[in-house]
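# Working through the structure, step by step
For reference, the chains in residue letters:
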Amino acid sequence: MLEIKELTKKFGQKVALDRMTCSIGEGCIFGLVGSNGSGKSTLLRTIAGIYRPDGGSVEVDGKPTFENSQIKGQMFFVPDFPYFFHQATIRDMAKFYCNLYPGWDPMRFEELCRMFPLDENSRIINMSKGMQRQAALILALATRPTLLLLDEVFDGLDPVIRQLLKRLLAQEVGERNITILIASHNLRELEDLCDHVGLLHKGGVIFERDLDELKLGIHKIQAAFMPSLEPDALEGLDVVKQEVRGSLYSFVIRGQREEILERLHARNPVFIEALPLTLEEVFISEMEVAGYDLDHIIK
């Protein structure tokens, strides 16, 4: 169990994490999404024990992660720009990690090397960004962590490797019940993989929720009305977003799907349909509610 309580992290006068609180259980893939500068990478680095909290706490199974070698030996952090020793090969890094991580599995390492199209005896510094990320993932999974932290892990990976990675991560959770945190702007990839998601904004958690539950609670409705709706037609509905183009209305509404459709059907629409929302649409809707001025950015 990962527990984050009133976590605060500052860099000078800038507050990167502002009294953040959330808990993440075992055996799940948790996606961290948020605007640029929302604190995703800072949160991962603080969980990994790289940054010392300026307030609050980060605990794994009731133990703080900062300067705790026992807990750090059970987790692995793959940053946005993975670090390797200068001139090192994947096998050189493997020799280093096998002495650092008690769960290092040499058979798993060899298996992963066969899965990924890399030359493990080549210098990592000469590899492309995507290949370096693959090298980091091989090493991370070979340590057999119970907590795996991944920052923009899909960046630079081709479609085949992305599918391989998703299969491997799902396998790790299913077979070993590990916890995986993924911070990413690639919401389409997270949607395929994660069962829980947390939305960060300005250093705080706006919500943390089961992905299916999140999508069930917010709906995209398209309908045509002739004549147009009266101003009070939507009173009592939690309308997150509304767009009107002639007689065509597009709504994003929170609540029970059946209740929403019943209310709108009472207004005698020419046609009406409920459409599934993507995680990206949910993200945009929630960010607008949080005060993120999307229209201003686009203009």
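Residues numbered from 1 in each chain as written. Predicted model: local features only at pLDDT ≥ 70, side-chain atom pairs only at ≥ 80, totals over all residues. Heavy atoms only, no water.

With that settled, consider helix 4 (residues 106-115). Three or more residues of helix 4 are buried, namely Arg108, Phe109, Leu112 and Cys113. Down the axis, helix 4 shows its buried residues gathered within 140° of arc, on one side only. Residues of helix 4 that are exposed and angled more than 90 degrees away from the buried face: Met107 and Arg114. The opening residue of helix 4, the one whose side-chain oxygen lies 3.1 Å from the backbone nitrogen of Met107, is Asp105. (Buried < 20%, exposed > 50% of the residue type's maximum accessible area, 1.4 Å probe, protein only. Helix = DSSP H or I, 4+ residues; strand = E, 2+ residues; numbered from the N terminus. Arc of directions from axis to C-beta. Polar contact = N/O pair within 3.5 Å; in protein donor to acceptor, adjacent residues only side chain to side chain.)

Strand order across the open sheet formed by four strands is 2-1-4-5, with antiparallel pairing between neighbours. Edge positions in the sheet fall to strand 2 (14-24) and strand 5 (63-64), since each of these pairs with one other strand and no more. Alignment of strand 4 (residues 55-60) against strand 5, held across two bridges, turns out to be antiparallel. Residue Glu59 lies in a different strand from strand 5, and its bridge partner there is Pro64. Each of strand 1 (2-11), strand 2 and strand 4 is contacted by helix 1 (residues 40-47), which is oriented at about 115° to strand 1, the strand it contacts most. (Pairing = 2+ DSSP bridges. Contact = heavy atoms within 4.5 Å. Axes fitted to C-alpha atoms, helices over the stretch in contact; angles between N-to-C directions.)

Here Lys166 shows up in helix 6 (residues 159-176). We classify Lys166 as buried; its relative accessible area is 8%. Apart from residues lying up to four places away in sequence, Lys166 is in contact with Phe154, Glu189, Asp192 and Leu193.

A cluster of nonpolar side chains, namely Tyr83, Phe85, Phe96 and Leu100, defines an oily patch on the protein surface of about 420 Å² accessible area. Looking at the element boundaries, Tyr83 is found in the loop between strand 6 (75-78) and helix 3 (90-100). The exposure class assigned to Tyr83 is exposed, which follows from its relative accessible area of 60%. (Patch = residues over 30% accessible without salt bridge, like charges linked within 9 Å, V, L, I, M, F, W, Y side chains within 5 Å. Areas by Shrake-Rupley, 256 points an atom, 1.4 Å probe, with all protein chains shown as cover. Salt bridge = Lys/Arg side-chain N within 4 Å of Asp/Glu carboxyl O.)

Right, let's get into the side chain of Asp151. Along the chain, Asp151 turns up in strand 7 (residues 147-151). There is a polar contact of 2.7 Å between the side chain of Asp151 and the side chain of Ser41. Those residues within four positions of Asp151 in sequence are excluded, and the remaining contacts are Ser41, Leu44, Arg45, Phe77, Val78, Pro79, Asp80, Arg133 and Ala183.

Moving on, we get to the packing of helix 4 against helix 5 (residues 129-142). At their nearest, the axes of helix 4 and helix 5 sit 8 Å apart, and the two run at 150° to each other. By the criterion of interaxial angle, the relationship of helix 4 to helix 5 is roughly antiparallel. Considering how the two elements wind past one another, helix 4 and helix 5 form a crossing that is right-handed. Across the interface between the two elements, Arg108, Phe109, Leu112 and Cys113 from helix 4 touch Ile138, Leu139, Leu141 and Ala142 from helix 5. Its residues placed into classes, the contact of helix 4 with helix 5 shows seven nonpolar, no polar and one charged. (Parallel < 35°, antiparallel > 145°, perpendicular 65-115°, else oblique. Left-handed = near helix turned anticlockwise from the far one by under 90°. Nonpolar A, V, L, I, M, F, W, Y, C, P; charged D, E, K, R; others polar.)

This part is about the pattern of salt bridges. When their charged atoms lie close together, side chains carrying opposite charge are able to pair. All chains considered together, the criterion is met by 18 salt bridges. Between Arg133 and Asp80 there is a salt bridge; the shortest N-O distance is 3.4 Å. You can see Arg133 sitting in helix 5 and its partner Asp80 sitting in the loop between strand 6 and helix 3, a full 53 residues away along the chain. The salt bridge involving Lys241 is made with Glu243; its shortest N-O contact spans 3.6 Å. For Glu243, a relative accessible area of 34% corresponds to the partly exposed category. In this structure, a network of salt bridges that share partners links the residues Asp105, Arg108, Glu111, Arg144, Glu172 and Arg176.

Counting 50 residues, the largest nonpolar core has Phe109, Leu139, Leu150, Leu169, Ile180 and Ile182 as its most contacted members. A total of eight residues in this core trace back to one element, the largest contributor, which is helix 5. Among all residues touching Leu169, those that are not within four sequence positions of it are Ile29, Leu141, Leu148, Leu150, Ile180, Ile182 and Leu193. (Core = buried A, V, L, I, M, F, W, Y, C linked by side-chain atoms within 4.5 Å.)

On to the packing of aromatic side chains. Each aromatic ring pair is summarised here by two numbers: the centre-to-centre distance and the angle between the ring planes. All chains considered together, the criterion is met by 10 aromatic pairs. Ring centres 5.3 Å apart and planes at 75° place the aromatic pair Phe11 and Tyr51 in the edge-to-face group. A residue pair is termed long-range when its members are at least 10 positions apart, and Phe11 in strand 1 and Tyr51 in the loop between helix 1 and strand 4 qualify at 40 residues. Note on Phe85 and Phe96: the rings are 4.9 Å apart at their centroids and 75° apart in plane angle, and the pair reads as edge-to-face. With Phe85 in the loop between strand 6 and helix 3 and Phe96 in helix 3, this pair connects stretches of sequence that are 11 residues apart. With a relative accessible area of 35%, Phe96 lands in the partly exposed category. Three or more aromatic residues joined by ring pairs make a cluster, and in this case those are Phe76, Tyr83, Phe85, Phe96, Tyr97 and Tyr101. Stacked on the ring of Phe11, the Lys or Arg Lys9 has its end atom at 5.5 Å from the ring centre. (Phe/Tyr/Trp six-rings, centres within 6.5 Å; stacked < 30°, edge-to-face > 60°. Lys NZ or Arg CZ within 6 Å of the ring centre and 35° of its normal.)

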